[in-house]
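Reading the structure
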Amino acid sequence: MHLGATLRLLRVDAGLSLRDLARRIGVSSAYLSRVENGVDAPPTQERLTAIARELDVPPGLLMDVANRVSPYVAGYLEDVPAAGTLMLDIARRKLTGAQLARVRAFLDAEFPLREVRGNEPVPPLAPLLSPERVVVQLSCGDYEDALDVAAGRLAAALPGVDGAALAEGLRRREVHAPSQVGNGVAVPHAFVAGAAPVAALVTLARPLKMDAPDNQPLRLVVALVDGHVGRARLMRLAHVARLAGRGLADRLHGLEEPQRVLETLEELEALR
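What comes next concerns the included structure. Predicted, not measured: the structure shown is a model, and the values here were computed from it.

Reading guide: rules and limits
- Residues numbered from 1 in each chain as written.
- Predicted model: local features only at pLDDT ≥ 70, side-chain atom pairs only at ≥ 80, totals over all residues.
- Heavy atoms only, no water.
- Core = buried A, V, L, I, M, F, W, Y, C linked by side-chain atoms within 4.5 Å.
- Buried < 20%, exposed > 50% of the residue type's maximum accessible area, 1.4 Å probe, protein only.
- Helix = DSSP H or I, 4+ residues; strand = E, 2+ residues; numbered from the N terminus.
- Contact = heavy atoms within 4.5 Å.
- Axes fitted to C-alpha atoms, helices over the stretch in contact; angles between N-to-C directions.
- Parallel < 35°, antiparallel > 145°, perpendicular 65-115°, else oblique.
- Left-handed = near helix turned anticlockwise from the far one by under 90°.
- Nonpolar A, V, L, I, M, F, W, Y, C, P; charged D, E, K, R; others polar.
- Salt bridge = Lys/Arg side-chain N within 4 Å of Asp/Glu carboxyl O.

Comments concerning the nonpolar core
Among the nonpolar cores identified, the biggest contains 53 residues, and Leu62, Leu125, Leu201, Leu220 and Leu224 are the most heavily contacted of them. No other element matches the 8 residues that helix α11 (residues 231-245) contributes to this core. Those residues in contact with Leu125 that sit more than four places away from it in its chain are Ala199, Val222, Leu224, His239, Val240, Leu243, Leu265 and Glu269. Among the nonpolar cores identified, the runner-up in size contains 27 residues, and Cys140, Leu170, Ala190 and Met210 belong to it.

Re the packing of helix α9 (residues 143-156) against helix α10 (residues 163-176)
Two numbers describe how α9 lies on α10: the axes approach to 8 Å, and their chain directions differ by 130°. Compared by their axis directions, α9 and α10 come out oblique. As α9 runs across α10, the sense of the crossing is right-handed. For the pair formed by α9 and α10, the contact residues are Tyr143, Glu144, Leu147, Asp148, Ala151, Leu154 and Ala155 on the first element and Gly163, Leu166, Ala167, Leu170, Arg171 and Glu174 on the second. In the contact of α9 with α10, the residues fall into 8 nonpolar, 1 polar and 4 charged.

Here's the deal with unusual backbone geometry
A positive phi angle, near 55°, is found at Gln137, a position not held by glycine. Along the polypeptide, Gln137 turns up in strand β1 (residues 134-138). For Gln137, a relative accessible area of 28% gives the class partly exposed. The phi angle at Asn215 is positive, at roughly 65°, despite the residue not being glycine. With respect to the helices, strands and loops of the structure, Asn215 is situated in the loop between β5 (198-208) and β6 (218-226).

Looking at the pattern of salt bridges
On inspection of all chains with the given rule, the structure shows 19 salt bridges. Measuring nitrogen to oxygen at the nearest pair gives 3.5 Å for the salt bridge that ties Glu54 to Arg24. In this pair, Glu54 sits in helix α4 (residues 45-55) while Arg24 sits in helix α2 (residues 18-25), placing the two residues 30 residues apart along the sequence. Its relative accessible area of 39% is what places Arg24 among the partly exposed residues. Asp89 is the salt-bridge partner of Arg92, the closest N and O atoms lying 4.0 Å from each other. Of this pair, Arg92 and Asp89 both sit in helix α7 (residues 81-93), 3 residues apart, which is roughly one turn of that helix. Exposure remark for Arg92: the relative accessible area of 61% places this residue in the exposed category. Look at the salt bridges and you will find they share partners, linking Glu144, Asp148, Glu168 and Arg171 into a network.

Below you can see the structure in the form of structure tokens.
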């Protein structure tokens, strides 16, 4: 997983320059640039929390992308050691995503959680998709071909939106900050005024060699359109990066039915 690429993607979408974000979290622009380019190690938990605060996204989301244990979780495991034993029991049973969803439903029913701003759950990706907007095993010559296909599927769900114009919007956004977040996943996105959030997903028959942050070829495109800028948009982008880090491209590789792609995605999201 390439945390730096995700941080750059979120920073640009939040409208912050490298210098602005560095100043706000008390580091040099040179240091933050090295982090974004994968030269320096991922920031500490404290610094990730500060970055999340300035980007206005849940700190736990960035911790997940960085494969870091949230300070909240670490503190809880220290205070309640039995929680670690329970996690070990779950691991030994190798519960699937669907089974974990049943455990979560039980917890929600028996021990309702009062959400606190900053720790609210991220809206899942699967409900933004439909079988018509899932393209499997696409054979294409380059990334722009994949963007054209994704844009066409998105435009079909957006009344009055032209697919070619939307594809051009996705390309323009790539110029500001490439949308590849690592592990073979790209998350191109565009703003369409007044549009409800919608997504298209394209798996590639053959990986595309690109200038990816972790040097892995592109295997999966998750294209997003939203009619609003701000917190929810950034959370969706970070969530896709989190899914990429959890092996989304690997899990979807070789699936030949759009419905099966959606089911697998739902299983993976149940692990949140």
